[in-house]
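Letter by letter, the chains look like this.
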Amino acid sequence: MSVAVPLEKLTASQKKAVLHKEGPLLVLAGPGSGKTRVITCRIAALIESGVRPYHICAITFTNKAAEEMRSRGEASGCRGVWISTFHSLCVRLLRQYAEQAGIKPSFTIYDSGDQLRCMKEAVAACQVDSGSFSPSRMLEFVSRLKNNLEDADSFKAATFDHFGKTAAKVYASYQQILARNNALDFDDLLVKTALLLRNNAQVRTELSNRFQYLLIDEYQDTNHAQYQIARLLAQTHGNICVTGDPDQSIYRWRGADIGNILAFEKDWPKSVVVKLEENFRSCGKILACADKLIGSNTRRKVKQLIATRPEGSDVEFLVADDENAEARLLTDRIQKQIAAGVDPGQIAAFYRVNSMSRPIEEAFIRARIPYQVVRGVEFYARKEIQDFLSYLKLIANPVDDLAFMRAIATHSRGIGKTSVDRLTQFAKDSGMSLLAAADYADHLTSVSSSTRTRIREFAKMIQKFQQDSSGEVAPQMDCVFAETGYADALKNEANTDAIENINELINAAAEYDREAENPSLLDYLQSIALYSDTDAYDAGTSRTSLMTMHAAKGLEFDHVYIAGLEEGLLPHERSVHSPDDLEEERRLFFVGITRARDSLTVTYARHRVLRGQFIRSTPSQFLYEVGFGGEKVSFEEDSYGIEEQEPMINPSSSTPKAGMFKVGEVVIHNTFGTGRVKEFLDLGPDSIVVVQFQSGKTKSLMVKYANLTRAGK
DNA sequence: CATAGCCGCCTTTTT
DNA sequence: GGCGGCTATG
């Protein structure tokens, strides 16, 4: 079957990347360079040249991106190509080769909450000082070791200080707990797969024969384990194509190693390098802003950003008094745009931390702007969802003690904390899982006989569910919800929200049943564990999107707003002490900026309620770097005094010069029309003027960008 | 055994 | 400001 590859629509360098067939290929692609298109075209071209889809494996950064690529690919006849994230690929391989990997295929994937619970247990079991060895700190430490494929034993052998020895002990204990529960954490998915490929030549050969062509997107954000998986898969044939942009690496904090992409040519000596430097997305001025910003990063390969679109309008910088005023500023603008015929779905607002969505949402609701908050995991994090899922997890993986504990405590069933504690002790002494121990509860003499019966009944109920746990998921969920008594318990509480949420979950599972090739409870649970925020983004709806800049990776919008350009927020306070972290924050802002096609507006609030505290903020250093706000001198000149003050009004502008405005003067702005100057903040070339326009709206504008003209001139 | 209320803890980004 | 864990009480 022939696949049409629209080569005539591609640039010379894109064509080169698409058509390069054998051997390693590095595509260094700037933002908006049509990288995704290159990948889909390349897959099509491979198939056209006779490669079977079955032999192609494309790895994307998010499930959403995989889904999109699948649907685009299907249009051009790429059915049969394996397209997924690294994590999904690992789940699939670990299930297929569970025995060789030394695990059971029914494993549960532990999320960060589960991980913390296990780590708490590990720290407690090791009887170490929980002050300097706090579970969260240990988790972070262990995760870093895992990312580097270092196991507890080898780390123990290589370390000599007290901290290292203790951490090694905790690490080993943590792994033991996971193994006991037949559970893998996010890191384990990668680690186990990498080790499987490394240690088992048979599996490695089989898989490199299966995946003869490997394509990896967003390669700048791969960690060491992912790097090893890619290398081991492609080692024999060398048909590895990676694409990425070192300037868009924003996951260093979770182990991503920018060195992977920088060293690609060294790793694969015969590699061909294609640079995609043209930007087809953003207008010239937006791109210039991005270029200026990223130019402040020192640890980078300098790359050109070539605009192909017209200059467009200026990047706007708006100042608000607090986060609510900032939100109003956004809604005012967006409302106007929508009124002028802009599709709300082509507008997005980004921020650094999820908690910043709230004031914006409130303002959007008041202004009746249709919106979506791109935060998928929020739903799955709800108490009732987690409670309900714990039953399903226990059914799919009977040795999951965490799921048992959660499930048995979802509602009062006459089994209280003391009884569960006794059962835990009993299970521990006899080396059984909690469910097995519960089934054996007749021998649990430490609790009353009526409690014993209730515990045994609980076990019997779970076992009954296990017997018919194959096939479609939604019917099983209905059954579990009703028969466990959880539905009744929620009804008695009149918790209609919770019931609705669970019904929504079951509806989503029905959707899964329809779409999955081979639906099963296990597969369903493993796939929702890998669900991410970005997956919640619905491109098809006419709603303005709110999301973190991390979630915005890979997306684009006509009109972009970025809020909270303040020191401590962007860059985040946890990043300002390390130059590397600071550069990552800059890249994050860079990613945000380069999502915009036609217009970009950045905002800054002078005050903000953060963690319940009202604080004064200073403008982000990044604003100065892109040319807003002038020299840092203006920090001192600012009126952050004892009392809250209005910006200084310059009283001495009797002879108005260009760039100077008097309070009361009438001015004209290209988009806002005529207005009267309310305030003038003299910051030299970066002066800010506050104008009340005839529409009634008051705007803070940078004089040099606002392009104001005096009335009557 | 269950519940309510209080205290103290953390609080960036996410697969 | 929000959640989890602890305690006191019914």
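This one's a predicted model, so the numbers in the text were calculated from it and none came from an experiment.

By the definition in use, this model includes 18 aromatic pairs. Between Tyr537 and Phe557, the ring centres sit 5.8 Å apart and the planes meet at 75°, which makes this aromatic pair edge-to-face. Of this pair, Tyr537 sits in the loop between α27 (521–529) and β14 (544–548) while Phe557 sits in strand β15 (residues 557–562); the two residues are 20 residues apart in sequence, bridging distant segments of the chain. With respect to burial, Tyr537 and Phe557 carry one shared label: buried. Joined through ring pairs, the aromatic side chains of Phe388, Tyr391, Phe481 and Tyr486 make up one cluster. Across the ring face of Tyr251, the terminal group of Arg254 is positioned such that the distance to the ring centre comes to 4.1 Å. Directly above the ring of Phe61 sits Lys553, whose terminal nitrogen or CZ lies 4.3 Å from the centroid.

Inspection of the secondary structure puts Ala367 in helix α17 (residues 357–367). In the structure, Ala367 is positioned 35 residues away from Asp332 in sequence and 8.3 Å away in space, judged by C-alpha atoms. When near neighbours in sequence (up to four residues on either side) are disregarded, Ala367 contacts Thr331 and Gln335.

The next thing to look at is the protein's contact with DNA strand B. The local shell around DNA strand B holds 23 residues, among which Arg352, Thr418, Ser419, Ser532 and Arg574 are the closest. Looking at DNA strand B alone, sugar and phosphate atoms form 54% of those within 4 Å of the protein. Here a sugar or linking oxygen of DNA strand B and a side-chain polar atom of Arg254 are 3.5 Å apart. Of the residues that constitute the surface near DNA strand B, the class distribution is five nonpolar, twelve polar and six charged.

Taken residue by residue, helix α24 (residues 473–483) has Val473, Ala474, Gln476, Met477, Val480 and Phe481 as its buried positions. Take α24 and look down its axis: the buried residues cluster within an arc of 155°, on one side only. Here the buried face of α24 lies against α19 (383–396), α23 (449–467), α25 (486–492), α26 (496–515) and α27.

Rules and cut-offs
Residues numbered from 1 in each chain as written. Chains lettered and ligands numbered in written order. Predicted model: local features only at pLDDT ≥ 70, side-chain atom pairs only at ≥ 80, totals over all residues. Heavy atoms only, no water. Phe/Tyr/Trp six-rings, centres within 6.5 Å; stacked < 30°, edge-to-face > 60°. Helix = DSSP H or I, 4+ residues; strand = E, 2+ residues; numbered from the N terminus. Buried < 20%, exposed > 50% of the residue type's maximum accessible area, 1.4 Å probe, protein only. Lys NZ or Arg CZ within 6 Å of the ring centre and 35° of its normal. Contact = heavy atoms within 4.5 Å. Near = heavy atom within 4 Å. Polar contact = N/O pair within 3.5 Å; in protein donor to acceptor, adjacent residues only side chain to side chain. Nonpolar A, V, L, I, M, F, W, Y, C, P; charged D, E, K, R; others polar. Arc of directions from axis to C-beta.

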